[in-house]
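Commentary on secondary and tertiary structure
Each chain, written out:
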Amino acid sequence: MSAVPSFTDTLIAWQKRAGRHDLPWQNTRDPYRIWLSEIMLQQTQVTTVIPYYLRFLERFPTLEALAAAPQEAVIEYWAGLGYYARARNLHRCAVEIVAVHAGKWPKSVDRLASLPGIGRSTAAAIAAFAFGERAAILDGNVKRVLCRFFAIEGFPGQASVERALWARAETLLPECDIEAYTQGLMDLGATLCSRRKPHCNDCPLQQACQAHRTGRAEDLPTAKPRPALPERHGHYVFVSDGHRVLLERRPAHGIWGGLLVPPEGETAAVLARLGISDASESPLGTLRHSFTHFRLTLSATLCHIDAPKAIADPSLCWIALESAAEAGVPTPIRKLLEGIAPAREAQ
Ligand code: SF4
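The rules behind each value
- Just so you know, the residues in each chain are numbered from 1, in the order the chain's sequence is written.
- The model is predicted, so local features are restricted to residues of pLDDT at least 70 and side-chain atom pairs to those at 80 or more, both for listing and for counting; the totals for chains, interfaces and linings are taken over all residues.
- With hydrogens and water excluded, all non-hydrogen atoms of the structure serve as input to the side-chain values.
- Take the buried residues of types Ala, Val, Leu, Ile, Met, Phe, Trp, Tyr and Cys, join any two whose side-chain atoms come within 4.5 Å, and each joined set is a nonpolar core.
- When accessible area is computed with a 1.4 Å probe and restricted to protein chains, residues below 20% of their type maximum are described as buried, those above 50% as exposed, and intermediate ones as partly exposed.
- Only DSSP runs of H or I covering at least 4 residues are called helices, and only runs of E covering at least 2 are called strands; the numbering of each starts at the N terminus.
- Any two residues whose heavy atoms approach within 4.5 Å at even a single point are treated as in contact.
- Scored between 0 and 100, pLDDT is the confidence that the predictor attaches to each residue.
- Criterion for a salt bridge: a side-chain nitrogen of Lys or Arg within 4 Å of a carboxyl oxygen of Asp or Glu.
- For two strands to be treated as a pair, DSSP must find at least two bridges joining them.
- The definitions used throughout rest on a 1 Å grid laid over the protein atoms alone, on which a cavity is an enclosed set of points accommodating a 1.4 Å probe that cannot get out and a pocket is an open set flanked by protein within 12 Å on both sides along at least five of seven lines; lining residues are those having an atom within 4 Å of a point.
- Grid points are joined across faces, edges and corners, and a volume is the space filled by probe spheres set on the points.
- Charged means Asp, Glu, Lys or Arg here, nonpolar means Ala, Val, Leu, Ile, Met, Phe, Trp, Tyr, Cys or Pro, and polar covers whatever is left, Gly included.
- Throughout the structure description, domain borders are defined by an automatic or database domain assignment.
- Here a pair means two rings of Phe, Tyr or Trp (six-membered ring of Trp) with centres within 6.5 Å. Their orientation is stacked below 30 degrees between planes, edge-to-face above 60, and tilted elsewhere.
- Over a ring means this: the NZ of a Lys or the CZ of an Arg is within 6 Å of the ring centre and within 35 degrees of the ring normal.

**Regarding the nonpolar core**
Phe7, Trp35 and Phe56 are the most contacted members of the largest nonpolar core, which totals 77 residues. It is helix H8 (residues 120–131) that contributes the most residues to this core, eight residues altogether. Once residues within four sequence positions are removed from consideration, Trp35 is found in contact with Leu63, Leu66, Leu90, Cys93, Ala94, Trp105, Ile118 and Ile126. Val245, Leu260, Ala300 and Leu321 belong to the second-largest nonpolar core, a separate cluster that totals 22 residues.

Shown next as structure tokens:
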């Protein structure tokens, strides 16, 4: 694994040289301040968090002050940051540390992660920044960096991929400088290795980054697999005398709203509705077509009649075969129309 020392050492050197050093929650070992920033930064940008963080600390300067406050007061100072479960858990966590741990923060990642609202990655960040513990973080930004640098395939939310990422994150931990390394991962993911249009040309990892080398930076991490679309089936009856075809205008709403399609339904039922009893039937084929929310399999029957008959229903009309394709029919119907051989003109 030759890239490992390169990844870790390069990141540490870059963070010290070019990373962020003046955020209000940096340059402290106070787990309360570090924890508060980590919770606020979940799903929220740094620039949004800063004023909330400063205001919150003014009102609740210590863990004890937060634990002693009513939950409504905490929510009030959180208002606007969204994801209010974070604020409720923040308060519960403060109460628990004061009540159960006599106000002392546990130092191990496992014990931190057992507190309300603190996941494994947040626990690791607190342990690293407050206590200098060698602990791996793996938030969304870090997953993106690792997936790209090591060209790890698969959706990171999938359990097996996530396990592999945690294992990788553990092997990358430095022997020392855990704070600069952890901050470096956060800084790189937030600034250069952005979700869209990563700034690879400014990235210290560029040379060894597999996604960059193979031109796949924007393809990784693998997107969440889409659930399979539901399948639907529609049968269409093309009634034609070889010169014209009978089409029906769809209602304005729904699929193919306002377009012309052949009557839909079982052949016998459609012919009965149209009052046609002398058609000769032949299969016209099947097609598959994808809509945003479902896939449609279309099957079609051609019902040949000797001469078109008058139809009272105003939504139905006879259209000349050669102009039917341009008459406002959906693409799959146009393709099926192409399968109808026009009758030869009488000599
Ligand atoms: S080279 Fe590009 S894709 Fe690779 S880690 Fe850097 S910014 Fe991300």
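Back to the write-up after that little detour.
**A look at the confidence of the model for the chain**
Summary statistics for the chain give a mean pLDDT of 93 and a share of 97% for residues scoring 70 or more. Taken as a whole, residues 1–5 scores under 50 in pLDDT and shows seven contacts with residues more than four places along the chain or in a different chain.

**A closer look at the environment of Ser277**
Locating Ser277 in the fold gives a position in the loop between helix H13 (267–274) and strand S4 (280–290). Its relative accessible area of 74% is what places Ser277 among the exposed residues.

**Re the pattern of salt bridges**
Enumeration according to the criterion identifies 14 salt bridges in this entry. Linking Arg120 and Glu170 is a salt bridge whose minimum nitrogen-to-oxygen distance equals 3.0 Å. Placement of the pair is Arg120 in helix H8 and Glu170 in helix H10 (residues 159–171), with a sequence separation of 50 residues. Assessed through its relative accessible area of 37%, Glu170 is described here as partly exposed.

**Considerations on the pairing of strand S5 (residues 295–304)**
Successive side chains on a regular strand alternate, one facing one side of the sheet and the next facing the other. Counted residue by residue, S5 has seven buried out of 10 residues, so it is predominantly covered. Pairing of strand S1 (residues 231–240) with S5, which is carried by 10 bridges, proceeds in the parallel orientation. Directly across from Ser240, in S5, lies its bridge partner His304. What sits between S4 and S5 in their antiparallel hairpin is a turn of four residues.

**Structural notes on the environment of Ala228**
Inspection of the secondary structure assignment puts Ala228 in the loop between helix H12 (210–213) and S1. A sequence separation of 65 residues divides Ala228 from His293, and the C-alpha atoms of the two residues are 9.5 Å apart.

**A short note on the layout of surface pockets**
To locate leftover empty space, one rolls a probe as large as a water molecule over the atoms. Its volume calculated, the largest pocket comes out at about 1,500 Å³. Along the wall of the largest pocket there are 49 residues; nearest its centre are Leu41, Asp139, Asn141, Met186 and Ala190. Those elements that place two or more of their residues in the lining of the largest pocket are helix H2 (31–41), helix H3 (46–59), H8, helix H9 (140–149) and helix H11 (178–191). Of the residues forming the lining of the largest pocket, the biggest block, six residues, is contributed by H11. Here the residues of the lining of the largest pocket sort into 16 nonpolar, 20 polar and 13 charged.

**Brief notes about unusual backbone geometry**
The amide bond that connects Leu220 to the next residue, Pro221, takes the cis arrangement and shows omega of -5 degrees. Checked against the element boundaries, Pro221 lands in the loop between H12 and S1. The backbone phi angle of Tyr83 is positive, close to 45 degrees, even though this residue is not glycine. With respect to the secondary-structure elements, Tyr83 resides in the loop between helix H5 (71–78) and helix H6 (85–100).

**Considering the domain arrangement of the chain**
According to the domain assignment, the chain contains domain 1 (3–219) and domain 2 (231–337). Using C-alpha coordinates to define each centre, domain 1 is positioned 59 Å away from domain 2.

**Let's talk about empty space enclosed by the protein**
Inspection of the entire model under this criterion finds one cavity of 30 Å³ or more. Here the largest cavity defines a volume of roughly 120 Å³. In terms of lining residues, the largest cavity is bounded by 15 residues, among which Arg148, Cys193, Cys200, Cys203 and Cys209 are the most central. When residues of the lining of the largest cavity are assigned to their parent elements, the largest contribution, three residues, is made by H9. A per-class count over the lining of the largest cavity returns 11 nonpolar, three polar and one charged.

**Observations concerning the packing of aromatic side chains**
One pass over the structure, following the stated rule, counts 12 aromatic pairs. Measuring from centroid to centroid gives 5.7 Å for Phe7 and Phe150, while their planes differ by 40 degrees, and the two rings are tilted. Separated by 143 residues along the polypeptide, Phe7 in helix H1 (residues 3–18) and Phe150 in the loop between H9 and H10 bring together distant segments of the chain. For the pair formed by Phe7 and Phe150, the shared burial category is buried. On the numbers, 6.4 Å between centres and 85 degrees between planes, the contact of Phe56 with Trp78 is edge-to-face. Separated by 22 residues along the polypeptide, Phe56 in helix H3 and Trp78 in helix H5 bring together distant segments of the chain. The same class applies to Phe56 as to Trp78, namely buried. The structure contains a cluster of three or more aromatic residues connected by ring pairs, namely Phe56, Phe60, Tyr77 and Trp78. The ring of Trp166 has Arg120 sitting right over it, with the charged end atom 3.6 Å from the ring centre. Positioned over the ring face of Phe150 is Arg168, at 4.0 Å from the centre of the ring.

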